[in-house]
Amino acid sequence: MNGKLRTAIAGIPVEQYAVQGSLPLCLSDGASPALDKLKPLADEVWSDGQHEVLTFHYAGHAVHMTFQSSGTYLFDSMDIWADMSDCGEIGIGAPEGLSLLATRMSLEMDIFELPDEMICLLPNAVTVHYRKHNQQWMLTKIAGAYRNYEDTRSSLHVIANAG
């Protein structure tokens, strides 16, 4: 897993990532990535002493892989931008792509609306995040499953009802 992994990750459609729930499940071998092999390939590395986050930048999105410092793979996420020259400002337009996918696959989504963000929780505990931009919801992040559905739903419920 070297440069081929970078290429494989770049080719994963966001819909597949959302449905499968984690990067290893989207990759052909399904193996958890190895921290020591990926760290030298990352565009950014952040560590707090207990966790290490590796970031890989691609045209239109960034992939984050979080490991324990011991090397155990924990979870991943994708930040998504529609305008590659303006990374971080806006995402891919409207939830219709994932909503259509969810309908086609008979997936129920729990939707949590915050003042500046809408979060859709899929049955596999993946969260799909949208932010308001010019009166339209824009896809900005997909967070792979880390905790189980009920724990994630409970946390989102508390956040949505705070304040």
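Here the structure is shown first, and the text comes after it.
Position numbers for residues count from 1 along each chain, tracking the sequence in the order it is written. In view of the model being predicted, local features appear only for residues whose pLDDT reaches at least 70, and side-chain atom pairs are presented and counted only at 80 or more, with totals across whole chains, interfaces and linings using the full set of residues. To obtain the side-chain values, all non-hydrogen atoms of the structure were included, while hydrogens and water were left out.

## A word on the nonpolar core
Stage number 1. Among the buried residues, those of types Ala, Val, Leu, Ile, Met, Phe, Trp, Tyr and Cys that are joined through side-chain atoms within 4.5 Å form a nonpolar core. Each residue is placed in one exposure class: buried if its accessible area under a 1.4 Å probe, protein chains only, is under 20% of its type's maximum, exposed if it is over 50%, and partly exposed if it falls in between. Of all hydrophobic cores here, the largest spans 30 residues; its most connected members are I9, L23, M65, M78, V128 and I142.
Stage number 2. Residues contacting M65, with those up to four places away along its chain left out, are I9, L23, P33, L38, E52, V53, L54, F56, Y73, F75 and D76.
Stage number 3. Membership of the second largest hydrophobic core comes to five residues, among which are F112, L114, I119 and L121. Residue contacts follow a heavy-atom distance rule, with two residues in contact if any of their heavy atoms lie within 4.5 Å.

## Things to note about the pattern of salt bridges
Stage number 1. Salt bridge, as used here: a side-chain nitrogen of Lys or Arg that lies within 4 Å of a carboxyl oxygen of Asp or Glu. Applying the stated criterion to the full structure yields six salt bridges.
Stage number 2. The partner of E117 in a salt bridge is R131, and the shortest N-O contact between them spans 3.9 Å. Taken together, the residues span a long stretch of sequence, with E117 in strand β7 (residues 117–121) and R131 in strand β8 (residues 127–133) at a distance of 14 residues.
Stage number 3. Classification of R131 as partly exposed rests on a relative accessible area of 36%.
Stage number 4. Three or more residues are tied together by salt bridges with common partners; here these are D116, E117 and R131. Starting at the N terminus, helices and strands are each numbered in turn, a helix being any DSSP run of H or I of at least four residues and a strand any DSSP run of E of at least two.

## Some remarks on the pairing of β7
The side chains of a regular strand alternate between both faces of the sheet.
Stage number 1. Counting buried positions over the five residues of β7 gives five, a clear majority of the element.
Stage number 2. In short, DSSP must find at least two bridges between two strands for them to pair. Relative to β7, strand β6 (residues 110–113) runs antiparallel, the two being bridged by four bridges. Each bridged residue has a counterpart across the sheet, and for I111 the counterpart in β7 is C120.
Stage number 3. In the sheet, β7 pairs with β8 via five bridges, with the strands oriented antiparallel. Bridging from a neighbouring strand, M118 pairs with Y130 of β8.
Stage number 4. From the end of β7 to the start of β8, which pair antiparallel, there are five residues, and A125 there has a positive phi angle of about 75°.

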